[in-house]
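Descriptive analysis of the structure
These are the residues of each chain, in order.
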Amino acid sequence: MIYIRFWLFFFIIFGLDLLTKSWVVKNAADLQSSPIVVFDWIEGHEAFLEFTYITNPGAAWSMFSDYPQVLTVLAAVALLAIFVFRKTLELTKKTLQVVFGLICGGIAGNLTDRIFRNPAEVVDFIDIFLPWISYDYPIFNIADSGIFIGAIVYLFLGVQENRREKLHAEREKTLDT
């Protein structure tokens with residue numbers, strides 16, 4: 001019961017990832033030829049948000065595409081490391097349970113693709129175009145979103161904690177003088 005938030009966010013991301021990828025694979029041919037425009041307020045042929053279908057043997061931005069087996073092992077090791085070091089990572093803290101639930105749910109979702117899909121590639125389908133900088137962001141999935149959001153929040157929490165520690169140290173120093 002102590003890790004309830006972790007498991008809640010883990011299964012939300014993992015479950016949504018599996019469900020959406022299942023739907024995308026089932027509709028792959030249609031999505032490849034005619035992506036579904038979800039949100040479009042941009043002039044021209046690009047849509048702000050659409051659903052399409054691609055697979056990716058690599059990581060973000062197709063990095064390490066030539067080494068999918070290494071990525072599979074790294075994902076499994078990351079999940080194992082988070083489990084082994086859960087006390088060091090302070091997973092008893094509610095906020096960190098949410099953060100690592102998002103990250104681990106995402107890792108598990110993409111790892112499931114790498115293990116059970118043939119070829120061993122991750123299914124991606126969310127396509128975003130950023131008109132302000134004329135940039136077509138790499139296509140991603142729900143698992144990637146969980147990892148990204150979890151990592152950004154973890155970084156933000158780390159910066160906040162660092163600031164609090166510095167402020168506390170300055171107060172201690174001021175009281176000592």
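Reference entry: report on the structure contained in this document. This structure is a prediction, so every number in the text was calculated from the model and none was measured. (Residues numbered from 1 in each chain as written. Predicted model: local features only at pLDDT ≥ 70, side-chain atom pairs only at ≥ 80, totals over all residues. Heavy atoms only, no water.)

1. Some words on the pairing of strand E3 (residues 122-130)
The buried count for E3 comes to 8 of 9 residues, which makes it a mostly enclosed element. As judged from the 6 bridges shared by strand E2 (residues 49-56) and E3, these two strands associate in the antiparallel manner. Of the residues in E3, the one forming a bridge with Asn56 is Val122. Of the strand pairs in this sheet, E3 and strand E4 (residues 135-136) are connected by 2 bridges, and their pairing is antiparallel. (Buried < 20%, exposed > 50% of the residue type's maximum accessible area, 1.4 Å probe, protein only. Helix = DSSP H or I, 4+ residues; strand = E, 2+ residues; numbered from the N terminus. Pairing = 2+ DSSP bridges.)

2. A short note on the nonpolar core
In this structure, Val24, Tyr53, Ile126 and Ile128 are the most contacted members of the largest nonpolar core, which totals 16 residues. Listed by contribution, the elements that provide at least two residues to this core are helix H1 (4-26), helix H2 (28-33), E2 and E3. If you tally residues by element for this core, the top one is E3, at 5 residues. When neighbours within four sequence positions are excluded, Val24 is seen to be in contact with Leu31, Thr52, Tyr53, Val123 and Phe125. (Core = buried A, V, L, I, M, F, W, Y, C linked by side-chain atoms within 4.5 Å. Contact = heavy atoms within 4.5 Å.)

3. Some thoughts on the packing of helix H4 (residues 94-116) against helix H5 (residues 142-176)
In helix packing, the relevant descriptors are the interaxial angle and the interaxial distance, both defined with respect to the helix axes. Orientation of H4 relative to H5, taken along the N-to-C sense of each, is 150°, at an axis distance of 7 Å. Between H4 and H5, the interaxial angle falls into the category roughly antiparallel. As H4 packs across H5, the resulting crossing turns out to be left-handed. Residues Thr95, Leu96, Val99, Phe100, Leu102, Ile103, Gly106, Ile107, Gly109 and Asn110 of H4 form the contact with H5, whose participating residues are Ala143, Asp144, Gly146, Ile147, Ile149, Gly150, Ala151, Val153, Tyr154 and Leu157. Looking at the contact of H4 with H5 residue by residue, the class counts come to 13 nonpolar, 6 polar and 1 charged. (Axes fitted to C-alpha atoms, helices over the stretch in contact; angles between N-to-C directions. Parallel < 35°, antiparallel > 145°, perpendicular 65-115°, else oblique. Left-handed = near helix turned anticlockwise from the far one by under 90°. Nonpolar A, V, L, I, M, F, W, Y, C, P; charged D, E, K, R; others polar.)

4. Notes on the packing of aromatic side chains
For the structure shown, the criterion picks out 12 aromatic pairs. When the ring of Phe39 is compared with that of Phe48, the centres are 5.8 Å apart and the planes differ by 80°; the resulting orientation is edge-to-face. Consider the rings of Phe51 and Phe125, whose centres lie 5.5 Å apart with planes at 75°: the pair is edge-to-face. With Phe51 in strand E2 and Phe125 in strand E3, the pair connects residues that are 74 residues apart, well separated along the chain. (Phe/Tyr/Trp six-rings, centres within 6.5 Å; stacked < 30°, edge-to-face > 60°.)

5. A short note on the pattern of salt bridges
Throughout the structure, instances matching the rule amount to 4 salt bridges. Asp113 is the salt-bridge partner of Lys21, the closest N and O atoms lying 2.8 Å from each other. Of this pair, Lys21 sits in helix H1 while Asp113 sits in helix H4, and the two are 92 residues apart along the sequence. Note on accessibility: Lys21 and Asp113 belong to one class, buried. A single network of salt bridges, built from pairs that share partners, joins Asp17, Lys21, Asp113 and Arg117. (Salt bridge = Lys/Arg side-chain N within 4 Å of Asp/Glu carboxyl O.)

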